[in-house]
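# Summary of the model geometry
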Amino acid sequence: MDTLTEDREGCYLNRSVNFFYEKSGKNISSHWRTRDYVIVTLGMTVCFIVIFSNLLVIGAILKNRRFHYPIYYLLGNLALADLFSGIAYLHLMFHTGPWTIKLSKYQWFVRQGLIDTSLTASVLNLLAVAVERHQTIFNMQLHSKMSTRRVFVIIVFIWLVAIIMGLVPTMGWHCLCDLDHCSTMAPMYSRSYLVFWAVLNLLTFSIMLAVYTRIFLYVRHKSKQMSQHTSQMRHRETVFALMKTVSMILGCFVICWTPGLVLLLLDGLGCNSCKVLLFEKYCLVLAECNSFVNPIIYSFRDKDMRRTFKEILCCLCRRGSSKKGNSEVHFNTMEHENYKSRTAELMERSNGTPLIRGGTEDIPDSSEKWN
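Residues numbered from 1 in each chain as written. Predicted model: local features only at pLDDT ≥ 70, side-chain atom pairs only at ≥ 80, totals over all residues. Heavy atoms only, no water.

Take the state of the cysteines next. Counted by the stated rule, this structure contains 1 disulfide. Across a sulfur-sulfur distance of 2.0 Å, Cys 175 and Cys 182 are joined as a disulfide pair. Between Cys 175 and Cys 182 the disulfide shows an S-S torsion of about 105 degrees. By sign, it is right-handed. Like Cys 175, the residue Cys 182 is buried in the burial classification. Of all cysteine sulfurs in the structure, the one in Cys 256 sits closest to Cys 252, which takes part in no disulfide; the separation is 6.1 Å. By relative accessible area, Cys 252 is classed as partly exposed at 24%. Between Cys 289, a free cysteine, and Cys 256, which holds the nearest cysteine sulfur, the sulfur-to-sulfur gap is 6.6 Å. (Disulfide = S-S within 2.5 Å. Buried < 20%, exposed > 50% of the residue type's maximum accessible area, 1.4 Å probe, protein only.)

Dropping the structure here:
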């Protein structure tokens, strides 16, 4: 897949990336323009936000034992896919604009494959979340009884499929031997592959929308039956709040990615009058924005997640302050500090003898319900 490979009859294996771009009509300037600087600067800024925010989500799920359930493992895997997306786009920012024509064919396929893998992982993970929610909601459960082992098997399967989908063009489904069927947006991709990939993802979106529609209808029906039972109302509110959070994640994903997939489908079908290159950059920016929307949804919809975010950030800040001042003071969590102050107060009231109870009433409980 490099420029040193000899050409065969009908195959252009010994041609540069610039050759395929010129053939497809997607000409790239050899010098940096103001527009290129703006796109790269904005793109890199978004990438760093995406990477930081999704690392925060993954850290929160690992830190808080209240998130050690199948749904949170899948949401954590979605954050991992978004993190990978941020890395893939950061790699793209360092290999775009005038830099593109300096790439070898192998480097170009790696650049595109990283983006394809991240999107496929996100789509498959959202489908897994939809199926998990369907199973738990129809069984009137808050969390699935699926074993941890099965969840990790699903996660591994998602990434295997995503990696394979990212490698398919490199393994042969390209247009190096069929220039007449080269894509305009991705000049070394075959149009038939773009049609396959776009249709597969749009079909997956349709399945997810159908699943969530069925869940919403079921939850609305059950809520009417539970309206007279106070004990069941709390459970219904918790389940419905969790459903709204997951649905917001799905909705934002569809809004951000559907325009780009439709554009790929039009390009794959050879729509010359659609002017896909005119909207390509905008769709790319919209798709990239989706990767930092999910952490925002977590933060505003989940009290436990929001509190864990604060604990992680405060811990990082305190460690930084401790290193700067070379202090030997050990900082504890807020719950620990409250517990120590309450213990000291109890000891003072009992003339220095600590008050011991059989239960855990004196230990502050930081648990909160999903809101």
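Turning our attention to the packing of aromatic side chains. Inspection of the entire model under this criterion finds 12 aromatic pairs. A ring pair is formed by Trp 108 and Phe 109, whose centres lie 5.4 Å apart and whose planes are at 90 degrees; its orientation type is edge-to-face. Classification of Phe 109 by relative accessible area gives buried; the value is 2%. The structure contains a cluster of three or more aromatic residues connected by ring pairs, namely Trp 108, Phe 109, Trp 173, Tyr 189, Tyr 193 and Phe 196. A cation over an aromatic ring shows up here: Arg 15 above the ring of Phe 19, its NZ or CZ 4.8 Å from the ring centre. (Phe/Tyr/Trp six-rings, centres within 6.5 Å; stacked < 30°, edge-to-face > 60°. Lys NZ or Arg CZ within 6 Å of the ring centre and 35° of its normal.)

Quick look at the pattern of salt bridges now. Inspection of every chain in the model, using the stated rule, returns 4 salt bridges. Measuring nitrogen to oxygen at the nearest pair gives 2.9 Å for the salt bridge that ties Glu 311 to Lys 63. Remark: Lys 63 occurs in helix H2 (residues 34-63) and Glu 311 occurs in helix H10 (residues 303-325); sequence separation between them is 248 residues. Arg 133 is the salt-bridge partner of Glu 132, the closest N and O atoms lying 2.8 Å from each other. Each of the two residues, Glu 132 as well as Arg 133, counts as buried. Ionic contacts of the salt-bridge type, sharing partners, join the residues Lys 63, Arg 307 and Glu 311 into one network. (Salt bridge = Lys/Arg side-chain N within 4 Å of Asp/Glu carboxyl O. Helix = DSSP H or I, 4+ residues; strand = E, 2+ residues; numbered from the N terminus.)

Before going further, it helps to examine the packing of helix H1 (residues 17-24) against helix H4 (residues 105-138). Across the interface, H1 lies against H4 with an axial gap of 9 Å and an inter-helix angle of 65 degrees. Comparing their axes, H4 and H1 come out roughly perpendicular. Contacts between H1 and H4 involve Val 17, Phe 20 and Tyr 21 from the former and Lys 105, Trp 108 and Arg 111 from the latter. For the contact of H1 with H4, the class distribution of residues is 4 nonpolar, no polar and 2 charged. (Axes fitted to C-alpha atoms, helices over the stretch in contact; angles between N-to-C directions. Parallel < 35°, antiparallel > 145°, perpendicular 65-115°, else oblique. Contact = heavy atoms within 4.5 Å. Nonpolar A, V, L, I, M, F, W, Y, C, P; charged D, E, K, R; others polar.)

With that settled, consider the side chain of Thr 136. In this fold, Thr 136 is placed in helix H4. From its side chain, Thr 136 meets the backbone oxygen of Arg 133 in a polar contact 3.1 Å long. (Polar contact = N/O pair within 3.5 Å; in protein donor to acceptor, adjacent residues only side chain to side chain.)

The next thing to look at is the side chain of Ser 118. Structurally, Ser 118 is set in helix H4. Those residues within four positions of Ser 118 in sequence are excluded, and the remaining contacts are Ala 81, Phe 84 and Ser 85.

Running from N to C, helix H3 (residues 70-93) and H4 cross one another at 165 degrees; their axes reach a closest spacing of 9 Å. In terms of axis orientation, H3 runs roughly antiparallel to H4. Between H3 and H4 the crossing geometry is left-handed. Of the residues belonging to the contact of H3 with H4, the class tally is 16 nonpolar, 7 polar and 4 charged. (Left-handed = near helix turned anticlockwise from the far one by under 90°.)

None of the figures reported here should be taken as evidence of function without further support.
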